[in-house]
Protein chains: 4
Amino acid sequence: MKAIVVRPPNKGVSVEEVEIKERVGVGQVRIKSVMTGICGTDRGIVNGKLSFSYPPKDYNFLILGHEALGRVEEVGEGVKELKKGDYVVPVVRRGCGVCLNCKIGRQDFCETGNFIEAGIRGKHGFMREEYVDDEKYLVKVPEEVVDIAVLTEPFSNVVKAINGLLFVQRRMVWNCEDSSFECRTAFVVGTGPIGTFFSLLLRTLGFDVYILNKRDASPTEEYIAEKIGATFVDTEKESDKLPPTDLIVDTSGVPSAFIPLMKKMKHNSALILFGTIEGERAEITSDLVTEIVEKNIIIMGSVNASKRDFQEALNYLSIWKYRYGDVLSRMITSMVSVEEAPKVLMSKPKGEIKTVIKWA
Amino acid sequence: MKAIVVRPPNKGVSVEEVEIKERVGVGQVRIKSVMTGICGTDRGIVNGKLSFSYPPKDYNFLILGHEALGRVEEVGEGVKELKKGDYVVPVVRRGCGVCLNCKIGRQDFCETGNFIEAGIRGKHGFMREEYVDDEKYLVKVPEEVVDIAVLTEPFSNVVKAINGLLFVQRRMVWNCEDSSFECRTAFVVGTGPIGTFFSLLLRTLGFDVYILNKRDASPTEEYIAEKIGATFVDTEKESDKLPPTDLIVDTSGVPSAFIPLMKKMKHNSALILFGTIEGERAEITSDLVTEIVEKNIIIMGSVNASKRDFQEALNYLSIWKYRYGDVLSRMITSMVSVEEAPKVLMSKPKGEIKTVIKWA
Amino acid sequence: MKAIVVRPPNKGVSVEEVEIKERVGVGQVRIKSVMTGICGTDRGIVNGKLSFSYPPKDYNFLILGHEALGRVEEVGEGVKELKKGDYVVPVVRRGCGVCLNCKIGRQDFCETGNFIEAGIRGKHGFMREEYVDDEKYLVKVPEEVVDIAVLTEPFSNVVKAINGLLFVQRRMVWNCEDSSFECRTAFVVGTGPIGTFFSLLLRTLGFDVYILNKRDASPTEEYIAEKIGATFVDTEKESDKLPPTDLIVDTSGVPSAFIPLMKKMKHNSALILFGTIEGERAEITSDLVTEIVEKNIIIMGSVNASKRDFQEALNYLSIWKYRYGDVLSRMITSMVSVEEAPKVLMSKPKGEIKTVIKWA
Amino acid sequence: MKAIVVRPPNKGVSVEEVEIKERVGVGQVRIKSVMTGICGTDRGIVNGKLSFSYPPKDYNFLILGHEALGRVEEVGEGVKELKKGDYVVPVVRRGCGVCLNCKIGRQDFCETGNFIEAGIRGKHGFMREEYVDDEKYLVKVPEEVVDIAVLTEPFSNVVKAINGLLFVQRRMVWNCEDSSFECRTAFVVGTGPIGTFFSLLLRTLGFDVYILNKRDASPTEEYIAEKIGATFVDTEKESDKLPPTDLIVDTSGVPSAFIPLMKKMKHNSALILFGTIEGERAEITSDLVTEIVEKNIIIMGSVNASKRDFQEALNYLSIWKYRYGDVLSRMITSMVSVEEAPKVLMSKPKGEIKTVIKWA
């Protein structure tokens, strides 16, 4: 079958004919690829920059792809819920089998670091015509959101981060006087798909959301901000517009982007670190440390997501598609064929929010 | 009566004869001072360095002192639990009355910042012969720990921080395979009274504790470390001794002290920021941010404590006095008279862990 | 204006012309009634059976109605979010102002019992042409669910109960091996609107749901069960079909309905008590108590809901309307005029799931 | 060696010479028995009343005993903390190895029920001269409480129950206005060792405690109640003395003992079920169900304890021994030799709180 293949740590990507023999075992299904999304991690691997990427055992190549939508083609014995024709999104990370979090289905909190991740490290990904997987790693997609369900995986990580936030903030009373979060303010640094998902989710929870970038909004960004009732702020020109805040979400990974904003943080506020990048640095002072202490501030890194987060993500996709119409479908800024994939994997198309490869 | 008086923002401290008229109202008691402890905040005020310190309304001076032990002398109407002769420790912070946390007795999480603090800002402290206070701000001291109960206030803040930690870490499974914390490692940066309390508490919870300073242990520090089963590490010479860690507690406030240690942080680990200082700076890189993200690391500032934390602190004092003998009493490195207080308030005696003023 | 009026503790209900002078104050809006739902509580008041129902101060009558949908007609000064034309659902209970839960917007956990409830006790309800209310008690309705939003209030109470359940079950690991709830089973006792909402919500969370009644399913019940993938069980004939369960939700209030089911409860399972009724009794044995102890079983009564629960309820209505089509609109089994209201308030129409009064 | 042997389901108990070959493996230690306590479960087995009791595989007898204190005699390879001479208390329950709670060291929440319990079901107990156990099931005893540490096991179950309570009550604000629990009232039904432990723990947390029995206090009960500041109430004569309550703890298992008290339960209150008994019954009404619903009442069964709970239990023993002097040692109402054990196992000595067998 056709697959999109990389050979980390080498640069490069190609569409190749591969032979992967996978039989459908007990509790497993065969899935035909429908769409796969492209993200920064894929491009990092393609460009030979992600040192942690490696092929599965016994292979000298890695099939790329971890943002996927597929359709069930064949159902093995012992499968409980899935039927032929069901649309599914596979979970990316598979646990180490040893640590307590992996033992209870929370490999997103794997403690050993010995997990594998489809299309990233140690396991073939989903950019291929078909694959076999265990039912327990597959999330069923409700029909109403099949067209945008390829966005589920990146969004699931946002759901995990916000669930984590809401849990840790129960250390005190963080809700407003009317029990809602409508008195709360959030800054979201970065306007890619992840930033957009954070903005959507925080608005739905009732937060007053400021979307931050160091440039003007593009027309699509402007459209989305208006549609969901958020405020786009060009931090180069308008940072005086920013009020004190209860939450900063950084999706950039750039310390010099979020550190200056921290002086706006209120008592009991939180900073979610979600973005990663290379080669940046910034200075912090003991005054900033004092602020974090005196204000009971929490900073939380968050990565990956559990299957439960995928399920919640799909619920939000249903709400937003219904409520905001084309906001989500507009996030898919281009849909390319398998043959065109290497080109868009090597370099980001202009104006991209999310580029998607169509398989069937 | 005699009181230890400051006039922030001016430098200086003196023992003065003051007249504070306080009648014992409903729900109140009159307290005679027994001991008061001295900490860095007191010295910061005395040396004119804490810009946030100010006298109570209608006063041009502030009575210092927030670490106190007193004895009930007179009991007002409507007092429920306290009797004449009871020993008590007063809570320092009094809430803003407006935010939701202050409304439920958690002024340690005050959101407005409009709280007052006895001996620090807007309210006379406890370095005076006697004072009147509401029963609800007074924590009864069990008889077995009266001699060391002056340590309750500083320690209460440590209890709050660790309670906060244990709560936020329920975001995943953080206990060991046998449900204890005995597989967990902690670094405690700083060896003052706060660092010592963190070390004691974490040992009692089962953590393997490394006490860190950039010098050799003093004989008292060595004694305490051995008694409680912790390891003292001189980070200048022996940092290669340090294993990967699940927790770093910084009591120094110096970013260059704790940032280099963060490379030792394990998945799901936490950094508690507790120390504050002025004029320090350090660099952070996007690689550190990536580590925080990829490992689900949490960083938590913590300040102050609730009355419930004071009560738990007293329970731990009982345990430790019984279990470790003189470890706690040795922390009181000198006991001075009221007349000697200004001198030890201006500058720290050599070898001090905690200096205490004796009132009665 | 026209209003539906009761005079508890007397029986009876009538449409009357009433004069209620309400000016739109700061932070308030005037609302025109669109729909009001009828529930068992309303009929209890109308039939003189609810001893706790009483008119507002200075009135000798009570305007009925607590399940409402309205449209904003006039917006007062200081209103932040609502605009003319917005659809809203009002919160029913208003706090005592004294206990800590009421102070933080959780009057659904009022500790004193001195709350008032619109249309039930001490406050006029929403079965009238228009009313004035504070913005903070109004929940904005997304456009896509205006037609079914009259269901929000009863459903909000279900959302609170399930949120409570998910919180208390964090006392241990209750999720499945894949982090979802798909290995969990729930029995829902009762097939009225509340039972249907529990079934929908538990299915959405992944539970295998058994809907229980002591008779066959009606055609609508059959339709709903099939649509959402739940199993209807006639407990008179088919109780042997029931597997061991992780959750029982009782919406009947009848002890003899849920107690016999408790022998099916698994370790760590929960029983939610939600229904209330009069005049029933049943026997329990020490063997049942032993089961509760040995299996760490939890039983939780749940009443009312916070504004946050109303907001989540509206999100679920969006999901379900989109996902299940007419399941929710079919729950509104009849829509009557104001003039017809007294009749349907006195006695339940045959085949009713929810009867709604149309105002505008 | 000598051991106390039963042959369930047969009645009877005897001191026998048994040969149990146990080598000290990796991570294991050999323990010499110091004391073992006797509880109702032991007597239930001895009297042939506990149907769930059975011998280990390949044995036709069961060595009794689950409340134990031992001293380490021999230390195997790979043991990390324990040394020869250390005093230890073994954990009773050993997990099923399959369910998620057992996998993370919380076999007290075992979901399958396929656990084994030393001295009760499927595993030899500790009423023998020596035994070998894994370090991970052994809790180290601080020196200051060796004399009363045989009480650790029964008390650990109380610690688990109260930890569970404090967790589930975070569903709302349950602390008092000053953050403590001093405004809270608890009834403890039953005055055996378990009831006494609940009373001690709840007093230490700040609750106003009423100890309930349907007779006068014995002199020891009177002494304990006075010492800890609790009120003993004879429910036959003085139940009008009882105020509304925030918590009822039942240690009797008798429904007719705790159900009538439930009318005293306040909003948001809790009932902990801890006691088990046979052959009792009582009636409940739909009015009681309504109270549970309308007041958000929670009822929680609790059984067994985790190793962490044992560790906390030992901390409390230290506090109380120091604070209350002989209250705990008085709970050990008689200390018998191994030879006398069968007699006190067959029937309860008069005035018993806790009977202990001395081994060495």
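Residues numbered from 1 in each chain as written. Chains lettered and ligands numbered in written order. Predicted model: local features only at pLDDT ≥ 70, side-chain atom pairs only at ≥ 80, totals over all residues. Heavy atoms only, no water.

**Q** Would you mind going over the state of the cysteines with me for this structure?
**A** A covalent bond between the sulfur atoms of two cysteines is what we call a disulfide. Summed over all chains, the structure comprises four disulfides over all chains. Cys 176 of chain C shares a disulfide with Cys 183 of chain C; S-S distance 2.1 Å. Here Cys 176 of chain C and Cys 183 of chain C share a disulfide; its torsion about the S-S bond, -95°, makes the bridge left-handed. Residue class for Cys 176 of chain C comes out buried when judged on its relative accessible area of 5%. Under the relative-accessibility criterion, Cys 183 of chain C is labelled partly exposed at 39%. With no disulfide of its own, Cys 110 of chain B lies 3.7 Å from the sulfur of Cys 102 of chain B, the closest cysteine sulfur. We classify Cys 110 of chain B as buried; its relative accessible area is 1%. (Disulfide = S-S within 2.5 Å. Buried < 20%, exposed > 50% of the residue type's maximum accessible area, 1.4 Å probe, protein only.)

**Q** It is not clear to me how the interface of chain D and chain C should be interpreted in this structure. Could you clarify?
**A** A common way to report how large an interface is uses the accessible area buried once the components associate. Across the boundary between the two partners, chain D contributes 58 residues, which contact 57 residues of chain C. Here chain D and chain C share an interface that buries about 4,700 Å² over both sides, 58% of which is from carbon and sulfur atoms. Among the residues of chain D in contact with chain C, Phe 109, Glu 111 and Val 293 of chain D are the three that bury the most area, contributing 13% of the side total. When the shortest N-O distance is used, the salt bridge between Glu 111 of chain C and Arg 184 of chain D registers 2.7 Å. Joining chain D to chain C, the criterion identifies 27 residue pairs in polar contact (both at pLDDT 80 or more). For the side of chain D that touches chain C, the secondary structure elements donating two or more residues are helix 2 (100–103), helix 3 (152–168), helix 6 (255–258), strand 16 (265–273), strand 17 (281–285), helix 7 (286–294) and strand 18 (298–301) of chain D. Here the residues of the side of chain D that touches chain C are counted per class, giving 25 nonpolar, 16 polar and 17 charged. As paired elements, strand 18 (residues 298–301) of chain C and strand 18 of chain D share three bridges and run antiparallel to each other. Its bridge partner lying in strand 18 of chain D, Ile 298 of chain C is registered against Met 300 of chain D. (Contact = heavy atoms within 4.5 Å. Buried area = accessible area lost by both parts, 1.4 Å probe. Salt bridge = Lys/Arg side-chain N within 4 Å of Asp/Glu carboxyl O. Polar contact = N/O pair within 3.5 Å; in protein donor to acceptor, adjacent residues only side chain to side chain. Helix = DSSP H or I, 4+ residues; strand = E, 2+ residues; numbered from the N terminus. Nonpolar A, V, L, I, M, F, W, Y, C, P; charged D, E, K, R; others polar. Pairing = 2+ DSSP bridges.)

**Q** What is the right way to read the interface of chain A and chain B from this model?
**A** Facing the 57 residues of chain A at the interface are 57 residues of chain B. Summed over both sides, the interface of chain A with chain B buries roughly 4,800 Å², with 58% coming from carbon and sulfur. If you sort the residues of chain A by the area they bury against chain B, Phe 109, Glu 111 and Val 293 of chain A come out on top, with a joint share of 12%. Summed over the shared surface of chain A and chain B, the result is four salt bridges. Where chain A touches chain B, the interface holds 27 residue pairs in polar contact (both at pLDDT 80 or more). Counting only elements with at least two residues in the side of chain A that touches chain B, the list comes to helix 2 (100–103), helix 3 (152–168), helix 6 (255–258), strand 16 (265–273), strand 17 (281–285), helix 7 (286–294) and strand 18 (298–301) of chain A. If you tally residues by element for the side of chain A that touches chain B, the top one is helix 7 of chain A, at seven residues.

**Q** Quick question: what am I supposed to make of the relation of the copies chain A and chain B here?
**A** The operation relating the two chain copies consists of a rotation about an axis and a shift along that axis. With an RMSD of 0.0 Å, the fit of chain A onto chain B corresponds to turning through 180° and sliding 0.0 Å along the axis. Here the two chains are linked by the operation of a two-fold rotation axis. Of the interface residues in chain A, 100% have counterparts in chain B that sit at the interface too, so the contact is made through matching surfaces. (Least-squares fit on C-alpha atoms with pLDDT ≥ 70 in both.)

**Q** Could you clarify how one ought to interpret the domain arrangement of chain A in this entry?
**A** Residues and elements named next belong to chain A. The domain boundaries assigned to chain A delineate domain 1 (2–140 + 332–358) and domain 2 (156–301). Here the C-alpha centroids of domain 1 and domain 2 sit 30 Å apart. Facing six residues of domain 1, the contacting portion of domain 2 comprises six residues. Together domain 1 and domain 2 conceal approximately 450 Å² of surface at their shared face, both sides included; 64% is due to carbon and sulfur atoms. On the domain 1 side of the interface with domain 2, the three residues burying the most area are Lys 49, Asp 108 and Ile 353, jointly 76% of the side's total. On inspection of domain 1 and its partner domain 2, the count reaches one salt bridge. The salt bridge involving Asp 108 is made with Lys 160; its shortest N-O contact spans 3.1 Å. When grouped by side-chain class, the residues that make up the side of domain 1 that touches domain 2 number two nonpolar, no polar and four charged. (Domains from an automatic or database assignment.)

**Q** Hey, could you run me through the environment of Leu 200 of chain C in this one?
**A** Residues and elements named next belong to chain C. Tracing the backbone through its elements, the reader meets Leu 200 in helix 4 (residues 193–205). You can call Leu 200 buried: its relative accessible area is 0%. Residues Leu 200 and Phe 232, spaced 32 residues apart in sequence, show a C-alpha to C-alpha distance of 13 Å. Dropping the residues within four chain positions of it, Leu 200 is found in contact with Ile 228, Trp 320, Tyr 324, Val 327 and Leu 328.

**Q** Help me understand the sheet that holds strand 2 (residues 14–17) of chain A, please; the structure alone is not making it clear to me.
**A** Through backbone hydrogen bonds, the strands of a sheet pair up, either in parallel or in antiparallel fashion. Residues and elements named next belong to chain A. The three strands lie next to each other as 2-1-4, forming an open sheet whose pairing is antiparallel. A strand with exactly one partner marks an edge of an open sheet, and here the two such strands are strand 2 and strand 4 (62–63). Taken together, the two bridges between strand 1 (residues 2–6) and strand 4 define a ladder with antiparallel strand orientation. Looking at the pairing, Val 5 lines up with Ile 63 of strand 4.

**Q** How do you make sense of the relation of the copies chain D and chain C when you look at a structure like this?
**A** Placing chain D over chain C gives an RMSD of 0.0 Å and needs a rotation angle of 180°, together with 0.0 Å of translation along the axis. Interface residue correspondence from chain D to chain C reaches 98%, placing this contact among same-surface, isologous pairings.

**Q** What should I look at first to understand the packing of helix 3 of chain D against helix 8 (residues 307–324) of chain D in this one?
**A** The relative placement of two packed helices comes down to the angle between their axes together with the axis-to-axis distance. All names here are of chain D. Axis separation between helix 3 and helix 8 bottoms out at 8 Å; the angle between their running directions is 105°. Regarding the angle of helix 3 to helix 8, the classification is roughly perpendicular. Two secondary-structure elements touch here, helix 3 through Thr 152, Glu 153, Phe 155, Ser 156, Val 159, Lys 160 and Asn 163 and helix 8 through Asp 309, Phe 310, Glu 312, Ala 313, Leu 314, Tyr 316, Leu 317 and Trp 320. (Axes fitted to C-alpha atoms, helices over the stretch in contact; angles between N-to-C directions. Parallel < 35°, antiparallel > 145°, perpendicular 65-115°, else oblique.)

**Q** Just to check I follow, could you spell out helix 7 (residues 286–294) of chain C for this structure?
**A** Residues three or four positions apart in an α-helix share a direction because the helix packs 3.6 residues into each turn. Regarding helix 7 of chain C, the residues found buried are Ser 286, Leu 288, Val 289, Thr 290, Ile 292 and Val 293 of chain C. Turning to helix 7 of chain C, the residues buried within the fold contact strand 17 (281–285) and strand 18 of chain C together with helix 6, strand 16 and strand 18 of chain D. Within two residues after helix 7 of chain C, Asn 296 of chain C carries a phi angle of roughly 50°, on the positive side.

**Q** For this particular structure, what's the right way to read the side chain of Gln 169 of chain B?
**A** Residues and elements named next belong to chain B. Along the chain, Gln 169 turns up in the loop between helix 3 (152–168) and strand 12 (185–189). Judged by relative accessible area, Gln 169 falls into the buried class, the value being 2%. Within polar-contact distance, the side chain of Gln 169 engages the side chain of Arg 171 at 2.9 Å. The contacts of Gln 169, once residues within four sequence positions are left out, are Trp 174, Asn 268, Ser 269, Ala 270 and Ile 298.

**Q** Please explain unusual backbone geometry as it appears in this structure.
**A** Most peptide bonds take the trans configuration, and most residues that are not glycine carry a negative phi. Between Pro 8 of chain A and Pro 9 of chain A the backbone carries a cis peptide bond, its omega angle lying at 10°. Tracing the backbone shows Pro 9 of chain A in the loop between strand 1 and strand 2. With a phi close to 65°, Asn 304 of chain A is a non-glycine residue in the positive phi region. Following the sequence through the fold, Asn 304 of chain A ends up in the loop between strand 18 and helix 8 (307–324). You will see that Asp 58 of chain C, though not glycine, has its phi angle at about 70°, which is positive. Relative to the assigned elements, Asp 58 of chain C resides in the loop between helix 1 (40–46) and strand 4 (62–63).

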